[in-house]
Structures are given as structure tokens and as C-alpha cells.
Amino acid sequence: MTTEFQPEYPPTETPEALAARLNLPFRDPRLVARSLTHRSFINENPDALEDNERLEFLGDAVLDFLVGAWLYHRYPEMAEGKLTRLRSALVGTRQLAEFARTIDLGRAMRLGRGEVDGGGRNRDNLLCGTFEALVGALFIDSGFEPVRTFVEPLLADVIEDIIEQRDDVDAKSSLQEWAQSKGLGVPHYHQVEVSGPDHERIFTYVVVINGETYAAGQGNSKQEASKNAAAETLRGLGVD
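The following refers to the structure shown. Model, not experiment: these values are computed from the prediction.

### Points about helix α8 (residues 124-142)
- The first and last C-alpha atoms of α8 sit 27 Å apart over 19 residues, in line with the 27 Å expected at 1.5 Å per residue.
- With 15 of 19 residues buried, α8 lies mostly within the body of the structure.
- Among the residues trailing α8, Gly143 stands out with phi positive, at a value near 95 degrees.

Written out as C-alpha cells, the structure reads:
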């Protein structure tokens, strides 16, 4: 496969090499390149293909369906609420970023110089978004079956650990149960900082219980940041 553009600030693996290494049956090399192209790369290389945000949107939807169907068939007796929590754990930013690391996606990501210098090749939100975009591109190019073949082995490798470690449990619900069992009332979540550019905001939230401030958490959305703050608080309290 060949691409139509040679970057000024290249990654260490080409889109063609990535597709070959992962045995992804792309017919259109432009889709592979587009899935790896972050907005920051376009800003510095205006002649490049469009960025991967639309493919990221599509890949997110494809993964939601694929993971839901996979869990439904793998655990036929599992209750709906448990299935929902497991799906959330598997398609969350942290886990998708781990999948991206597993396949060494970072070295193929087409990022602007500033993002690369700032450690973007190992940043959860960029890895997650690129993984979603790669899935979206593969779906457009080759259909659902190659996506399933690509993604399901990754799911199978981590699902038992997720269940064992209870990563699927909603940390905010667990923290509320703990606080109320101690007679401390309902936890409250307060935003203390917002950083990063407009298109990649990082929110910081703290947990306050009965007037006492506990741990902080960060995320690319308010919901993710508050959930991470709850999880950090539970870890600090030694609550399973």
C-alpha cells in the first residue's frame, strides 16, 4: 500500500507497516493513514489528509456494539446491569489506551511536533482516540467481520482480569455506599482545575465527604474525572 503524503515530522512506523504487522486487510491505504492522523498533525502539515475525528466517532459506535454483543454471547447468564458495567470498562478511555499500547499503536500515530515532544504517543486520550479511529477505518474499508477478528482477541485477554479486579464496578456508586454506611452522607464532587487546549480538555475533580476533601482525579470529561476521583478515594481508604 502507498500513501499520498509524506509527513515532515514522521512517526517511526508507516501506516502501511502498521496494517501489515497487525494483519489488517485494508484495501484503501488512505483510510489507514487518516485513522492515525491527529488534528495537531494537520495544523503543521496542511497538505496531509483530513484528521481522524470522524473515524474516531464511528469507531466508538462500532466498539460499543461489538463489545456489547461479545459480552452478551460470552456470558449468557449475566444480568443486564453487570453486562453494562463490563462494557463500560472495556470501551473506556483507559482500557482502549491499553489496547493501543498492546498493539504498539503509538509509534504509528501521526502527531504534531508539539504533541510528540509532550509525550503524546503515550497519552491515554490520544491512544484511545486513535484506536477508535483505526476500528472505524477498518469497518468502513472491510466491514464488521475483520473488526471482530481484530478486536475480540484483545477483549478475551483482559476480561477475566477486569472481572477479578472489579474494574467494572462504578466507583462513585461504591463510594456512596461506603460513605452512607459510615453515616457520612453523600459524596460531592468539585471541579478544581481545567487544563489543556480546547479540543483536549483535562478536568480535575476532588471528592468531598462530610466536609472533608479526599482524593483528586483527572479525565477528559467531567464524568471521567469525578469517577477517577472516586476510584482514587476508594483506593486510599482501602475499600474493595
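The structure having been displayed, the exposition proceeds.
### Topic: the packing of helix α6 (residues 93-102) against α8
- Running from N to C, α6 and α8 cross one another at 75 degrees; their axes reach a closest spacing of 8 Å. Regarding the angle of α6 to α8, the classification is roughly perpendicular. Contact residues: α6 offers Thr93, Arg94, Leu96, Ala97, Phe99, Ala100 and Arg101, while α8 offers Asp124, Asn125, Leu127, Cys128, Phe131 and Glu132.
- Broken down by class, the residue content of the contact of α6 with α8 amounts to seven nonpolar, two polar and four charged.

### Notes on unusual backbone geometry
- At Asp104, a position not held by glycine, the phi torsion is positive, near 55 degrees.
- As for its placement among the helices and strands, Asp104 is situated in the loop between α6 and α7 (113-117).
- Of note, the phi angle at Asn210 is positive, near 55 degrees, even though the residue is not glycine.
- Of note, Asn210 is situated in the loop between β2 (202-209) and β3 (212-219).

### A few points about the environment of Leu86
- In this fold, Leu86 is placed in helix α5 (residues 80-91).
- Leu86 gets classed as buried once you look at its relative accessible area, which sits at 0%.
- When the C-alpha atoms of Leu86 and Ile162 are compared, they prove to be 7.9 Å apart, with 76 residues separating the residues in sequence.

### Quick word on the pattern of salt bridges
- Evaluation of the coordinates by the stated rule reveals 14 salt bridges.
- Asp104 is paired through a salt bridge with Arg107; the nearest N and O atoms lie 3.0 Å apart.
- Where salt bridges share partners, they join Glu13, Arg21, Asp104 and Arg107 into one cluster.

### Considering the packing of aromatic side chains
- Applying the stated rule across the entire model yields three aromatic pairs.
- Ring centres 5.8 Å apart and planes at 65 degrees place the aromatic pair Phe65 and Phe144 in the edge-to-face group. Within this pair, whereas Phe65 is found in helix α4 (residues 53-74), its partner Phe144 is found in helix α9 (residues 144-165), the two being separated by 79 residues in sequence.
- For Phe144, a relative accessible area of 28% puts it in the partly exposed group.
- Three or more aromatic residues joined by ring pairs make a cluster, and in this case those are Phe99, Phe131 and Phe150.
- The cationic tip of Lys172 hangs over the ring face of Tyr189; the distance from NZ or CZ to the ring centre is 4.7 Å.

### Comments concerning the nonpolar core
- By size, the foremost hydrophobic cluster in this structure holds 48 residues, and its most contacted members are Phe26, Leu71, Leu90, Phe131, Leu134 and Phe150.
- For this core, the elements supplying multiple residues, two or more each, are α1 (15-21), α2 (29-35), α4, α5, α6, α8 and α9.
- The element that contributes the greatest number of residues to this core is α8, accounting for nine residues.
- Residues within four places of Phe131 in sequence aside, it is in contact with Leu63, Leu96, Phe99, Ala100, Ile103, Leu105, Phe150 and Leu154.
- Core analysis: the next-biggest nonpolar cluster, separate from the first, contains 10 residues, Ala171, Leu175, Trp178 and Ala230 among them.

### Quick look at the sheet that holds strand β1 (residues 188-195)
- Spatial strand order, β1-β2-β3: three strands in an open sheet with antiparallel pairing. In the strand order of this sheet, the two ends are held by β1 and β3, each with one partner. Averaged over all pairs of adjacent strands, the angle between strand axes in this sheet comes to 25 degrees, irrespective of strand direction.
- Sheet topology note: the β1/β2 ladder contains seven bridges and is antiparallel. Across the sheet, residue Tyr189 finds its bridge partner in β2, namely Val207.
- The strands touched by helix α10 (residues 171-181) within the sheet are β1, β2 and β3, with β2 carrying the most contacts at an inclination of about 15 degrees.
- Packing against the sheet, helix α11 (residues 222-237) makes contact with β1, β2 and β3, and its axis sits at approximately 130 degrees to β3.

Reading the values: rules and limits
- Residues numbered from 1 in each chain as written.
- Predicted model: local features only at pLDDT ≥ 70, side-chain atom pairs only at ≥ 80, totals over all residues.
- Heavy atoms only, no water.
- Helix = DSSP H or I, 4+ residues; strand = E, 2+ residues; numbered from the N terminus.
- Expected span 1.5 Å × (residues − 1).
- Buried < 20%, exposed > 50% of the residue type's maximum accessible area, 1.4 Å probe, protein only.
- Axes fitted to C-alpha atoms, helices over the stretch in contact; angles between N-to-C directions.
- Parallel < 35°, antiparallel > 145°, perpendicular 65-115°, else oblique.
- Contact = heavy atoms within 4.5 Å.
- Nonpolar A, V, L, I, M, F, W, Y, C, P; charged D, E, K, R; others polar.
- Salt bridge = Lys/Arg side-chain N within 4 Å of Asp/Glu carboxyl O.
- Phe/Tyr/Trp six-rings, centres within 6.5 Å; stacked < 30°, edge-to-face > 60°.
- Lys NZ or Arg CZ within 6 Å of the ring centre and 35° of its normal.
- Core = buried A, V, L, I, M, F, W, Y, C linked by side-chain atoms within 4.5 Å.
- Pairing = 2+ DSSP bridges.

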